[in-house]
Amino acid sequence: MASEGADGDKKGTSNGGAHGSGDTVSAAEAAKAAGPGRGESVRVDSWIWSVRLVKTRSMGATACRGGHVRVNGERVKPAYAVRVGDEVRLRHDGRERVVVVKRVIRKRVGAPVAVECYADNSPPPPPREAVAPAGIRDRGAGRPTKRDRRELERLRGLAAGTPGFSGTSGGSGASGQERGHGGSGSGSRSGSGSGSRS
């Protein structure tokens, strides 16, 4: 009984002492297990999904097809083979991620293992205050009127940098055009209506 207690104490101290290194070893083993077999290559859409840069593999493939993924400065297709040392740039969710491949894996792994598979050189994300959403209505405000909708579209256009909206003059010009167009439409309607009545 005493020897079992001593063994138990020894086990407890050895596990407690090697706790930090044990996590690193298990993470390395998990990454090695997720790696490709001999002679196999890993697709870029699969790799960015495996290291948790995108939520699904289909999102990774769509990002590649849309030109949002660059490897060593060049746009790549989803089937491009990733190698250790490649710089992968991914534009996703309004943020650019810049990572250098340290380990090639083909299976999705947990976050602690995933961060060991690349070196993150991404610029810091903008503060939340700087990314204020444009044109959000209060809850319970009801359905927006046409005027409200035009104002929301104008705000969103200014926020997105859409051509045709240049400051206040563009806004007043657009509303003036809408009034002019509406006036001509109402004039034509009243003209046609009066013509049909007589």
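About the cut-offs
Residues numbered from 1 in each chain as written. Predicted model: local features only at pLDDT ≥ 70, side-chain atom pairs only at ≥ 80, totals over all residues. Heavy atoms only, no water. pLDDT = per-residue confidence, 0-100. Helix = DSSP H or I, 4+ residues; strand = E, 2+ residues; numbered from the N terminus. Contact = heavy atoms within 4.5 Å. Salt bridge = Lys/Arg side-chain N within 4 Å of Asp/Glu carboxyl O. Buried < 20%, exposed > 50% of the residue type's maximum accessible area, 1.4 Å probe, protein only. Phe/Tyr/Trp six-rings, centres within 6.5 Å; stacked < 30°, edge-to-face > 60°. Arc of directions from axis to C-beta. Core = buried A, V, L, I, M, F, W, Y, C linked by side-chain atoms within 4.5 Å.

1. Examining the confidence of the model for the protein
The predicted model of the protein averages 72 in pLDDT, with 56% of residues at 70 or higher. Mean pLDDT across the secondary structure elements of the protein bottoms out at helix 1 (residues 2-17), with 44, and peaks at strand 2 (residues 69-71), with 95. In this model residues 164-188 is a low-confidence stretch, pLDDT under 50, and it forms 6 contacts with partners more than four residues away in sequence or in other chains. Here residues 190-196 is a poorly scored stretch, pLDDT under 50, and it has 0 contacts once near neighbours within four places are set aside; other chains count.

2. Concerning the pattern of salt bridges
Throughout the structure, instances matching the rule amount to 7 salt bridges. With its nearest N and O atoms 3.7 Å apart, the salt bridge here joins Arg57 to Asp45. With Arg57 in helix 4 (residues 57-65) and Asp45 in helix 3 (residues 44-50), this residue pair connects regions lying 12 residues apart in the sequence. Given a relative accessible area of 37%, Arg57 falls into the partly exposed group. Among the ionic contacts, a cluster of salt bridges with common partners joins Arg43, Asp45 and Arg57.

3. Considerations on the packing of aromatic side chains
Under the definition given, this model contains 1 aromatic pair. Look at Trp47 and Tyr118: their rings are 6.4 Å apart centre to centre, the planes differ by 75 degrees, and that puts the pair in the edge-to-face class. A residue pair is termed long-range when its members are at least 10 positions apart, and Trp47 in helix 3 and Tyr118 in strand 7 (residues 118-120) qualify at 71 residues.

4. Points about the environment of Arg57
Sequence separation of Arg57 and Ser46 is 11 residues, and the distance between their C-alpha atoms is 5.9 Å. Contacts of Arg57, omitting those with residues within four sequence positions, involve Arg43, Asp45, Ser46 and Trp49.

5. Here we look at the side chain of Ser50
As for its placement among the helices and strands, Ser50 is situated in helix 3. In this structure Ser50 touches Ile105, Arg106, Lys107, Arg108 and Val109, once residues within four positions along its chain are discounted.

6. Thoughts on helix 4
Buried residues of helix 4: Gly60, Ala61, Ala63 and Cys64, and no others. The arc that holds the buried residues of helix 4, viewed along the axis, is 160 degrees, so those residues lie on one side. Looking at the buried residues of helix 4, the elements they touch are helix 3, strand 2 and strand 5 (87-92). Where helix 4 ends, the next residue or the one after it, Gly67, has phi of about 80 degrees, a positive value.

7. Describing the nonpolar core
Counting residues in hydrophobic clusters, the biggest one holds 24 residues, and the most contacted among them are Val44, Trp47, Ile48, Val51, Leu53, Val69 and Val88. Elements with a contribution of two residues or more to this core: helix 3, helix 4, strand 2, strand 5, strand 6 (95-101) and helix 5 (111-114). In terms of residues, this core owes the most to one element, helix 3, which gives 3 residues. The contacts of Val44, once residues within four sequence positions are left out, are Cys64, Val69, Val71, Val76, Lys77, Pro78, Tyr80 and Val82.

8. Some words on unusual backbone geometry
Located in the positive-phi region is Arg52, a residue other than glycine, with phi close to 65 degrees. Here Arg52 lies in the loop between helix 3 and helix 4. Within the chain, Asp93 stands out as a residue other than glycine whose phi angle is a positive 55 degrees. Residue classification places Asp93 among the exposed positions, given a relative accessible area of 70%.

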